[in-house]
Structure formats: C-alpha cells, structure tokens
Amino acid sequence: MTTSAVALTVLLCVAAGLTLYRILRGPDVLDRVVATDVLLAVVVAAIAAEAAFSRDATALPVLVVLSILGFVGSVSVARLGSGTGEGDRS
C-alpha cells in the first residue's frame, strides 16, 4: 500500500509541476485557463487519494465543492471563448 501511495504522490506532483509550467509559460490566456482547470483536477485527485488511503470521508464536501467550481469555471470559459453570452442572443 505504501508503494502505491508513493507512486501516486510522485505522479500527482509531476502532473502539478507540468501544469504549473503551462500556467506560467502558456502562450495564450486560454492555455492558462485550461491549465488552471487541470491543476484543480489534480488537487481534487490528490484530496480524493488521501481520503481513500486514510479511509476518512470528511473530505467529501470539499471534493464536491471543488468539482462544482471546476465545472462552472470550465463552462464559463467555454461560453466566453465561443462568444455566446446571454446578451448575444437576437
């Protein structure tokens, strides 16, 4: 079990590091926003893995809130990028 926990921690740290690199060096604002969404997904995965390894369910409300935040952020960016906001309907 500790081997899998260490492997998961290393993979999540590598994913977070590469995502932070994309946030800092992204050539476009949309790349940075997508990278921020990916970083949020990595954080959610890390919290979920910690909750699974410790068999503690107190982190579930935090996971739900972060997941909803990520979804709403992704939908907002998609609507902003496509240019179909509420005021654009005719």
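Scroll up to find the structure.
Rules used in this analysis
- Residues numbered from 1 in each chain as written.
- Predicted model: local features only at pLDDT ≥ 70, side-chain atom pairs only at ≥ 80, totals over all residues.
- Heavy atoms only, no water.
- Helix = DSSP H or I, 4+ residues; strand = E, 2+ residues; numbered from the N terminus.
- Buried < 20%, exposed > 50% of the residue type's maximum accessible area, 1.4 Å probe, protein only.
- Contact = heavy atoms within 4.5 Å.
- Areas by Shrake-Rupley, 256 points an atom, 1.4 Å probe, with all protein chains shown as cover.
- Lys, Arg positive; Asp, Glu negative; His and termini not counted.
- Charge placed at Lys NZ, Arg CZ, Asp CG, Glu CD.
- Axes fitted to C-alpha atoms, helices over the stretch in contact; angles between N-to-C directions.
- Parallel < 35°, antiparallel > 145°, perpendicular 65-115°, else oblique.
- Left-handed = near helix turned anticlockwise from the far one by under 90°.
- Nonpolar A, V, L, I, M, F, W, Y, C, P; charged D, E, K, R; others polar.
- 1 Å grid on protein atoms, 1.4 Å probe; cavity = no way out; pocket = protein on both sides within 12 Å on 5 of 7 lines; lining within 4 Å.
- Points joined across faces, edges and corners; volume = space filled by probe spheres on them.

Enquirer: Quick rundown of the overall build of the chain? Include the residues and the values.
Expert: Summing up its helical and strand segments, the chain has three helices and zero strands in all. For the chain, the α and β elements follow one another from N to C terminus as α-α-α. Seen through its principal axes, the chain has C-alpha atoms that stretch 55 × 30 × 15 Å. Looking at the 90 residues of the chain, the share that counts as buried comes to 16%. Pairs at least 24 residues apart make up 38% of the contacts formed inside the chain by residues separated by at least 6 positions. On the chain, roughly 6,600 Å² of surface is accessible, and the fraction owed to carbon and sulfur atoms is 72%. Put simply, the chain has 6 plus and 7 minus side-chain charges, and the middle of one group is 5 Å from the middle of the other.

Enquirer: Could you give me a rundown of the packing of helix 1 (residues 2-25) against helix 2 (residues 29-54), with the residues and numbers involved?
Expert: Two elements in contact, helix 1 and helix 2, have axes whose closest approach is 9 Å; the angle formed by their N-to-C orientations is 165°. Considering their axes alone, helix 1 and helix 2 lie roughly antiparallel with respect to each other. Our pair here, helix 1 against helix 2, has a crossing hand that is left-handed. Touching Ser4, Ala5, Leu8, Leu12, Ala15, Ala16, Thr19, Leu20, Arg22, Ile23, Leu24 and Arg25 of helix 1 are Asp31, Arg32, Ala35, Thr36, Val38, Leu39, Val42, Ala45, Ala46, Ala49 and Phe53, all from helix 2. Of the residues in the contact of helix 1 with helix 2, the class split is 16 nonpolar, three polar and four charged.

Enquirer: With reference to specific residues and values, describe the environment of Val77.
Expert: Mapped onto the secondary structure, Val77 falls in helix 3 (residues 60-82). For the pair Val77 and Val34, spaced 43 residues apart in sequence, the C-alpha separation works out to 8.8 Å. Setting aside residues no more than four positions away along its own chain, Val77 makes contact with Leu30 and Val33.

Enquirer: Break down the layout of surface pockets for me, with residues and values.
Expert: By volume, the largest pocket amounts to about 180 Å³. Every residue lining the largest pocket is listed: Val33, Val34, Thr36, Asp37, Leu40, Leu69, Gly70, Gly73, Ser74 and Val77. Every element with two or more residues in the lining of the largest pocket is listed here: helix 2 and helix 3. Here the lining of the largest pocket is composed, by residue class, of five nonpolar, four polar and one charged.

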